[in-house]
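Next come the chains, spelled out residue by residue.
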Amino acid sequence: MTQVPNVFIALQRNEETRPIVDAILADNPGALHDEQPAMVKINVPGRLVVRRSTIEQEIGREFDLQELHVNLITLTGHIDESDDEFVLSWVH
Amino acid sequence: MDMKVNKKLGLKDRYNRMTRDLNWTPSYQSLKDIYPYLEYEGIKIHDWDKFEDPFRMTMDAYWKYQGEKERKLYAILDAFAQNNGHLGVTDARYINTLKLFLTGVSPLEYMSHKGFAILGRQFQGAGPRVACQMQSLDEIRHAQTQIHAMSNYNKYYNGFQDWQHMHHRVWYLSVPKSFFEDAVTSGPFEYILSISFAFEYVLTNLLFVPFISGAAYNGDMGAMAFGFSAQSDESRHMTLGLEVIKFVLEQDPDNLPIVQKWIDKWFWRGYRVLTLVAMMMDYMLPKRVMSWKEAWEIYAEENGGALFRDLARYGVKVPLGWEQACKEKDHLSHMAWNVFYNYGAAAPFHTWAPSEEDMKWLSAKYPDSFDKYYRPLWEHYAKEQKEGRRFYNKTLPMLCQTCQIPMFFTEPDDHTKIAYRESDWRGNKFHFCSDGCKHIFDNEPEKFAQSWLPVHQIYQGNCFPEDVDPSKPDFDPLMEVLRYYKMEFGRDNLDYADSQDKKNFEAWRAQATTN
């Protein structure tokens, strides 16, 4: 199989996550946005990045990436988290 | 003046200071005495500090975010109850999924809490110990919030009243119960591999994501709130599972065969438990988000496939039974719901035959199997029911010694033939539903020969209330078993069509929507 497997993140669909979802879509070209009842799942081939600065631009306040936990439903891939970025990937 | 003087510690430093740096090396007790369970399973760990918790969650952050989750959750639960939210669900058939959930899943959350509390004490490394302590707290939170959310339904609907009593007695509930008891009675490494990796990472998306999204789709804000709140912790648990397996495999090459054996065992054990979820998704939700088959393709085949391709670099192989599970995706829910329809008198929730509209959906979702194998069955049942002969099976089914599910699974390549497997051990014959379950028994016959099989126990006379008198002329063993289960015949069981739940729901809804 040469196709790069998807990684994904799923969040509850509410007013807190709307700007987060927008930020993820902006930072990940090729992201597929899959809306299901009460939730949203974002699929990206290979690598998905959640960037603090983009979310902060969207919401106009400081954001701690660990705030993601409040609305997180599920994810896949290896996680690499720092203060600025939360990255999911199947890459080593 | 935007110069920052006291720069906050970065995430990595903060995590190290607040977890590892709080650990110490004992000086007057040996490590072996403090952590006595770490060697007997054969797993070799050389450096516990190599374990990396990718979320780097510290206890203070944990309490902060968990507190926020709880406040959100209880605000929704209160609003839902206050506003008679239960009358807004699609149809009272839906509520039967909650009865199954409360009796079958919530008690597992509590078991899981106990299991992780043990690990939070027994692992030598500070990183995994803290992660397990957090998970132990998460799991008791899940049990509590689920019981709380569903207590609202207990005020109005039948079958919720004795969930804990039932969990320890009712025939099909021994399936999830024995699964978790198997895990919690194994060693610390097998436990974490079974629950965090095989169950949480590979399989729980199938339980919580489409099913809870389905709860929202059916108007149940209560179940949506507890389900997604639990699932937000689940992301951390899954990550722990993946991290643990990488850590264990990187520590010593001798660990691989042990780990592979557990992956094979626990994938199959977990998959068999999910049989209940398959039928919930396809048959019990009045409005369905996706079929079991579609969920299997997304979360198991696609995502699990990517996972096992990734783990191949350690020499890990796709679990035994994976191929069969993929083949069964066209059949699992249909076979299971058929059995519950058969035994609708012996379960504390209602069952029903799918309507013509439901069957249209099933045909479209299962083009290769539904019309050929299962539609004729449902049409036959519907005809019988229409003529006043709703079929209830009054014999007791044979159970698989390992998964404890009635032996209804068909051969993977012939769906007209029930699969039977058997093993002889110490002069007794043991029966299995599949190669997977036989394989598990053959590896650990001492453990699985002791299975508390509900059907055997009924036949041995161990499932009657204390005041029963078998010498009475009108002694009816099955009715006595239901009394032992604390199920009220005619109220908690039988077909949905004639249920008090249906009558009440319709009357209350009419009241809510008219003057």
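Presented here is a report on the structure given in the accompanying data block.

**Brief notes about the overall build of chain A**
Counting its regular elements, chain A contains two helices and seven strands. The secondary structure elements of chain A, listed N-terminal to C-terminal, are β-α-β-β-β-α-β-β-β. Computed over its C-alpha atoms, the radius of gyration of chain A comes to 12 Å, within 12% of the 12 Å expected for a compact globule of 92 residues. If one aligns the C-alpha atoms of chain A with their principal axes, the spans along those axes are about 40 × 30 × 20 Å. Looking at chain A as a whole, 40% of its 92 residues qualify as buried. Within chain A, residue pairs in contact and separated by at least 24 positions form 64% of the contacts whose partners lie at least 6 positions apart.

**A look at helix α3 (residues 59-82) of chain B**
Residue pairs three or four apart in sequence face the same way in an α-helix, which turns once every 3.6 residues. Residue and element names in this part refer to chain B. Taking 1.5 Å as the rise per residue, α3 with 24 residues should run 34 Å; its terminal C-alpha atoms sit 34 Å apart, in good agreement. Within the span of α3, buried status applies to Tyr 62, Lys 69, Leu 73, Leu 77 and Phe 80. Of the surrounding secondary structure, the elements contacted by the buried residues of α3 are α6 (126-154) and α10 (221-251). Backbone geometry just downstream of α3 places Asn 84 in the positive-phi region, at approximately 50°.

**Comments concerning the packing of helix α12 (residues 275-284) of chain B against helix α15 (residues 332-342) of chain B**
All names here are of chain B. Contact pair α12 / α15: the axes reach a minimum separation of 8 Å and the direction vectors enclose 90°. Between α12 and α15, the angle falls in the class roughly perpendicular. Listed contacts from α15 to Thr 275, Leu 276, Ala 278, Met 279, Met 281, Asp 282 and Tyr 283 of α12 are Leu 332, Ser 333, Ala 336, Trp 337 and Phe 340. Residue composition of the contact of α12 with α15, grouped by class: nine nonpolar, two polar and one charged.

**Focus: the interface of chain A and chain B**
With 23 residues of chain A at the interface, the matching set in chain B holds 27 residues. At four residues, the largest contribution of residues to the side of chain A that touches chain B is made by strand β5 (residues 72-75) of chain A. Here the residues of the side of chain A that touches chain B sort into 11 nonpolar, nine polar and three charged.

**Some words on the pairing of strand β3 (residues 39-45) of chain A**
Residue and element names in this part refer to chain A. Within β3, six of the seven residues are buried, which leaves it mostly tucked inside the rest of the structure. Sheet topology note: the strand β1 (residues 6-12)/β3 ladder contains seven bridges and is antiparallel. Looking at the pairing, Asn 6 lines up with Pro 45 of β3. Looking at chain direction, strand β2 (residues 32-36) and β3 are connected through five bridges and run antiparallel. Residue pairing across strands places Leu 32 opposite Asn 43, the latter belonging to β3. In this structure, the hairpin formed by β2 and β3 is closed by a connection of two residues, where Ala 38 is found at a positive phi of approximately 70°.

Reading the values: rules and limits
- Residues numbered from 1 in each chain as written.
- Chains lettered and ligands numbered in written order.
- Predicted model: local features only at pLDDT ≥ 70, side-chain atom pairs only at ≥ 80, totals over all residues.
- Helix = DSSP H or I, 4+ residues; strand = E, 2+ residues; numbered from the N terminus.
- Rg over C-alpha atoms; globule rule 2.2 N^0.38 Å.
- Buried ≥ 20, exposed ≤ 12 C-beta atoms within 10 Å, placed from the backbone.
- Contact = placed C-beta atoms within 7 Å.
- Expected span 1.5 Å × (residues − 1).
- Axes fitted to C-alpha atoms, helices over the stretch in contact; angles between N-to-C directions.
- Parallel < 35°, antiparallel > 145°, perpendicular 65-115°, else oblique.
- Nonpolar A, V, L, I, M, F, W, Y, C, P; charged D, E, K, R; others polar.
- Pairing = 2+ DSSP bridges.

Everything listed here is a matter of coordinates, which is why it stays silent on function.
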